Amino acid sequence: MVFELSEEQRMIRDVARDFAQQELKPGVIARDEQQQFPTAQVKRLGELGFLGMMVAPEYGGAGLDTVSYVLAMEELSKVDASASVVVSVNNSLVCFGLEKYGTDAQKEKYLKPLAMGKQIGAFCLSEPEAGSDATSQRTTAVDKGDYYLLNGTKNWITNGSTATTYLVMAQTHPEKDHHGINTLIVEKGTEGFTVGPKENKLGIRGSDTHSLHFNDVKVPKENRIGADGFGFSFAMKTLEGGRIGIAAQALGIASGAYELALAYAKERQTFGKPIGQHQAIQFKLADMATRIEAARLLCLKAARLKDLNLPYAQASSMAKLYASETAMKTTVDAVQIHGGYGYVKEYHVERLMRDAKITQIYEGTSEIQQLIIAREILKD
């Protein structure tokens, strides 16, 4: 399968690449060390239209396709996965969910500022005792007539303290199991809603990851997305697209590490010649390049299927599974190629290696992706 990019798609890729090199790369090591959210850079991404790439122009978005989104995510993630995950969550999870399933009033009030980059959103599904098991929501939303009373805790929430709009999954009808879950739009600053301390993470340390606490939070009935009990289906359908974004992030991390390793292999000399001329290094580089190309094609296939409104659950899980494994292996090999320098922060590859690990965990672990793929291929 050959993907011939359009002029517009190439332009988006090039703009993202230039932004990553010129505005994300300076200071990325310091932001990682200090766990500093890339506030100025994210604001600029919003101004350039990257936070609402796939949202229709009528709602303030750029109206681009998923392929363009994958291309942009790869380029941004080559340099700073902490910034690219903001783009991923805002586009794939928050904006997509609101545009696809929200009411006209919800789109006007919440989607527009998110798509225009004036605000940031958060997707709140994971809980202390219900990470991958999304059916076991302990957070409750009790129906009080014209509002829901929300109580519970959410864990590992990206954009936890920087978001202004939160899509929160909660159980309203326990007797209906996952058919009783609802998705509610919760605004920052609502009484009873508090944000816990920032998590001290192995990778994507600039990303804003927090736990969220809801104590008798009143959420207006009009802030429910979809029909009563649609919350679980909303989460699963939204995550299908979210996996494409994370697959593209993993692809970018792998690509960034490979490019650094390739350049280093051409410059670093041992025994009188560049290390790239040693067969052991050549084998590593060849394997890296092959895996990255395969991962890229899987990402583009999933994106293309989504753009054609064809089923893409299997394709997105395959892309996420393979790209995340490729990111982990490629970054480890990149550190190895750099030798002792790979263990030093200024060469970037150790950070990319730490960032790679999260791509095997969020949006469903590798094992969850295998289950989804198996379910799809075993269908009658």
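Residues numbered from 1 in each chain as written. Predicted model: local features only at pLDDT ≥ 70, side-chain atom pairs only at ≥ 80, totals over all residues. Heavy atoms only, no water.

Peer 1: Before we go on, may I ask you to explain the overall build of the chain in this structure?
Peer 2: The number of helices and strands found in the chain is eleven helices and ten strands. Expected size for 380 residues packed as a compact globule is a radius of gyration near 21 Å; at 21 Å, the chain falls within 12% of this value. Each of the three principal axes of the chain carries a C-alpha extent, and together these read 80 × 50 × 40 Å. Of the contacts formed within the chain by residues at least 6 apart in sequence, a portion of 74% connects residues at least 24 apart. In the chain, which carries 43 positive and 46 negative side-chain charges, the distance between the mean positions of the two groups comes to 3 Å. (Helix = DSSP H or I, 4+ residues; strand = E, 2+ residues; numbered from the N terminus. Rg over C-alpha atoms; globule rule 2.2 N^0.38 Å. Contact = heavy atoms within 4.5 Å. Lys, Arg positive; Asp, Glu negative; His and termini not counted. Charge placed at Lys NZ, Arg CZ, Asp CG, Glu CD.)

Peer 1: How should I be thinking about the packing of helix 4 (residues 66-77) against helix 8 (residues 279-307) in this particular structure?
Peer 2: Any two packed helices are characterised by the angle at which their axes cross and by the distance between the axes. Packing of helix 4 against helix 8 brings their axes to within 8 Å, and their N-to-C directions diverge by 150°. Residue-level contacts link Thr 66, Val 67, Val 70, Leu 71 and Glu 74 of helix 4 to Arg 296, Cys 299, Leu 300, Ala 303, Arg 304, Lys 306 and Asp 307 of helix 8. Of the residues that constitute the contact of helix 4 with helix 8, the class distribution is six nonpolar, one polar and five charged. (Axes fitted to C-alpha atoms, helices over the stretch in contact; angles between N-to-C directions. Nonpolar A, V, L, I, M, F, W, Y, C, P; charged D, E, K, R; others polar.)

Peer 1: Hey, could you run me through the side chain of Lys 306 in this one?
Peer 2: Along the chain, Lys 306 falls in helix 8. Apart from the residues lying within four places of it in its own chain, the contact partners of Lys 306 are Met 54, Thr 66, Phe 96, Gly 241, Ile 244 and Tyr 312.

Peer 1: Would you explain the pairing of strand 2 (residues 140-143) in this entry?
Peer 2: Every regular strand shows the same layout, with side chains that alternate between the two sheet faces. In the sheet, strand 2 pairs with strand 3 (residues 147-158) via four bridges, with the strands oriented antiparallel. From the neighbouring strand, Thr 140 faces strand 3, where its bridge partner is Asn 151. As consecutive antiparallel partners, strand 2 and strand 3 are separated by three residues, and within that stretch Gly 145 has a phi angle of approximately 100°, a positive value. (Pairing = 2+ DSSP bridges.)

Peer 1: Can you walk me through the pairing of strand 7 (residues 209-220) in this structure?
Peer 2: Pairing analysis gives nine bridges linking strand 3 to strand 7, with the strands arranged antiparallel. Bridged to Gly 152 within strand 7 is Phe 214.

Peer 1: Any chance you could explain the nonpolar core here in plain terms?
Peer 2: The nonpolar side chains of soluble globular proteins are, as a tendency, buried together. Core analysis: the largest hydrophobic core is formed by 90 residues, its most contacted members being Leu 76, Leu 98, Phe 123, Leu 285 and Ile 337. The element that contributes the greatest number of residues to this core is helix 7 (residues 231-267), accounting for 17 residues. Not counting residues within four places of it along the chain, the set of residues in contact with Ile 337 comprises Ala 261, Tyr 264, Ile 275, Ile 281, Lys 284, Leu 285 and Met 288. Residues Cys 124, Ala 163, Leu 212 and Phe 214 belong to the second largest nonpolar core, which totals 17 residues. (Core = buried A, V, L, I, M, F, W, Y, C linked by side-chain atoms within 4.5 Å. Buried < 20%, exposed > 50% of the residue type's maximum accessible area, 1.4 Å probe, protein only.)

Peer 1: Before we go on, may I ask you to explain the packing of aromatic side chains in this structure?
Peer 2: For any pair of aromatic rings, geometry is given as the distance between the ring centres together with the angle between the planes. Inspection of every chain in the model, using the stated rule, returns nine aromatic pairs. Residues Phe 193 and Phe 214 carry aromatic rings whose centres are separated by 4.8 Å and whose planes lie at 15° to one another, so their mutual orientation is stacked. A residue pair is termed long-range when its members are at least 10 positions apart, and Phe 193 in strand 6 (residues 193-198) and Phe 214 in strand 7 qualify at 21 residues. Residue classification places Phe 193 among the buried positions, given a relative accessible area of 9%. Look at Tyr 264 and Tyr 341: their rings are 6.4 Å apart centre to centre, the planes differ by 55°, and that puts the pair in the tilted class. In this pair, Tyr 264 sits in helix 7 while Tyr 341 sits in the loop between helix 9 (313-338) and helix 10 (349-358), placing the two residues 77 residues apart along the sequence. You can call Tyr 264 buried: its relative accessible area is 9%. Aromatic ring contacts, followed pair by pair, group Tyr 101, Phe 123, Phe 230 and Phe 234 into a single cluster. Directly above the ring of Tyr 148 sits Lys 221, whose terminal nitrogen or CZ lies 5.3 Å from the centroid. (Phe/Tyr/Trp six-rings, centres within 6.5 Å; stacked < 30°, edge-to-face > 60°. Lys NZ or Arg CZ within 6 Å of the ring centre and 35° of its normal.)

Peer 1: What is the right way to read the environment of Ser 126 from this model?
Peer 2: As for its position among the elements, Ser 126 is in the loop between strand 1 (121-124) and strand 2. On the basis of relative accessible area, Ser 126 is assigned to the partly exposed category, the value being 23%. It is 26 Å that separates the C-alpha atoms of Ser 126 and Arg 31, two residues lying 95 residues apart in sequence.

Peer 1: Would you explain a nonpolar patch on the surface in this entry?
Peer 2: Residues Met 11, Val 15 and Leu 48 make up a contiguous nonpolar surface patch of about 240 Å² in total accessible area. Inspection of the secondary structure puts Leu 48 in the loop between helix 3 (39-47) and helix 4. (Patch = residues over 30% accessible without salt bridge, like charges linked within 9 Å, V, L, I, M, F, W, Y side chains within 5 Å. Areas by Shrake-Rupley, 256 points an atom, 1.4 Å probe, with all protein chains shown as cover. Salt bridge = Lys/Arg side-chain N within 4 Å of Asp/Glu carboxyl O.)

Peer 1: Help me out: how do you make sense of the packing of helix 8 against helix 9 in this one?
Peer 2: Viewed as axis vectors pointing N to C, helix 8 and helix 9 meet at an angle of 155°, and their least axial separation amounts to 9 Å. Of the possible angle classes, the one that applies to helix 8 and helix 9 is roughly antiparallel. The handedness of the crossing between helix 8 and helix 9 is left-handed. Tallied by class, the residues present in the contact of helix 8 with helix 9 amount to 17 nonpolar, four polar and five charged. (Parallel < 35°, antiparallel > 145°, perpendicular 65-115°, else oblique. Left-handed = near helix turned anticlockwise from the far one by under 90°.)

Peer 1: Just to check I follow, could you spell out the state of the cysteines for this structure?
Peer 2: Simply put, disulfide is the name for a covalent bond between the sulfur atoms of two cysteines. Inspection of every chain in the model, using the stated rule, returns zero disulfides. Here Cys 95 is not disulfide-linked; the sulfur of Cys 124 is the nearest cysteine sulfur, at 14 Å. The exposure class assigned to Cys 95 is buried, which follows from its relative accessible area of 0%. (Disulfide = S-S within 2.5 Å.)

Take it as geometry only, folks, not as evidence of what the structure does.
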